[in-house]
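# Report on the structure
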Amino acid sequence: LGYLAEHLSGQSLDQLAAGRTWRPLGMNATCFGPLPSESAVRCAPTELDQDTDTHLKGTAHDFSARLLDGVCGIAGAFTVLDDLALFLRYMLDAPAAPAQAGFGAEWTAYSLTVQTCGLQPERGLFWHPAPGTSDEQDVWVHYGFTGTGMWISPSQERWAVLLTNKLYYTRDRQPLTDVRNTFCQ
């Protein structure tokens, strides 16, 4: 999808994300890596790089993202809690935001609707129904590979973020999966 977005917009993915979403929403700390050293110092280290025998810090752990110099549609974006709060608040009430991003309430509603026509697991666009929740609760989640999670519920006008980093210790998903699945219940 990243390549399609680049082709249709005539911009690189990092320029497109910054120009249509991150900067209009004031997400000034959000960008693709690798990060400059003054920003990387704020990052938690991720997995051990076998080539350098050091933990990656401010560099995407994802091999595809590293092959693409950090700009990849599936990995490589770095952000902070304040920026995620701006993004999620915008999704809950775009018309009330001080600035408009390249998407609005219509896209948000569409992305928080199951699009998989009965296929399992159910998915919206970027989001999926949160485990252990009902349709009436209207809770959606997006998980990151490193263990992060964002939850949003338009009907409850609530959101939550869990910033974690499981890769420093292991790629085993289960311990953090249990935490994430109970985080917003």
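Provided above is the structure to which this section pertains.
Here's what I pulled together on the structure shown here. (Residues numbered from 1 in each chain as written. Predicted model: local features only at pLDDT ≥ 70, side-chain atom pairs only at ≥ 80, totals over all residues. Heavy atoms only, no water.)

### Quick notes on the overall build of the protein
Within the protein one finds seven helices and eight strands. Here the protein has a C-alpha radius of gyration of 17 Å; the compact-globule value for 185 residues is 16 Å, and the two agree. Along the three orthogonal principal directions, the C-alpha set of the protein runs to about 50 × 40 × 30 Å. Counting all 185 residues of the protein, 36% fall into the buried class. Across the protein, contacts joining residues at least 24 apart in sequence account for 41% of those joining residues at least 6 apart. A total of about 11,100 Å² of accessible surface is found on the protein, and carbon and sulfur atoms cover 55% of it. The averaged location of the 20 negative side-chain charges in the protein is 3 Å from the averaged location of its 12 positive side-chain charges. (Helix = DSSP H or I, 4+ residues; strand = E, 2+ residues; numbered from the N terminus. Rg over C-alpha atoms; globule rule 2.2 N^0.38 Å. Buried < 20%, exposed > 50% of the residue type's maximum accessible area, 1.4 Å probe, protein only. Contact = heavy atoms within 4.5 Å. Areas by Shrake-Rupley, 256 points an atom, 1.4 Å probe, with all protein chains shown as cover. Lys, Arg positive; Asp, Glu negative; His and termini not counted. Charge placed at Lys NZ, Arg CZ, Asp CG, Glu CD.)

### Overview of the environment of R123
Positionally, R123 belongs in the loop between helix 6 (105–111) and strand 5 (128–129). For R123, a relative accessible area of 36% puts it in the partly exposed group. Considering only alpha carbons, one finds R123 and L112, 11 residues apart in sequence, at a separation of 8.6 Å. With near-sequence residues (within four places) excluded, R123 lies in contact with T113, V114, Q115, T116 and H128.

### Quick notes on helix 5 (residues 81–92)
Its 12 residues give helix 5 an end-to-end C-alpha distance of 16 Å, which sits within 8% of 16 Å, the value for a rise of 1.5 Å per residue. Residues of helix 5 that are buried make contact with helix 2 (13–22), helix 6, strand 7 (149–153) and strand 8 (158–162). (Expected span 1.5 Å × (residues − 1).)

All quantities given are derived from atomic positions and should not be read as evidence of function.
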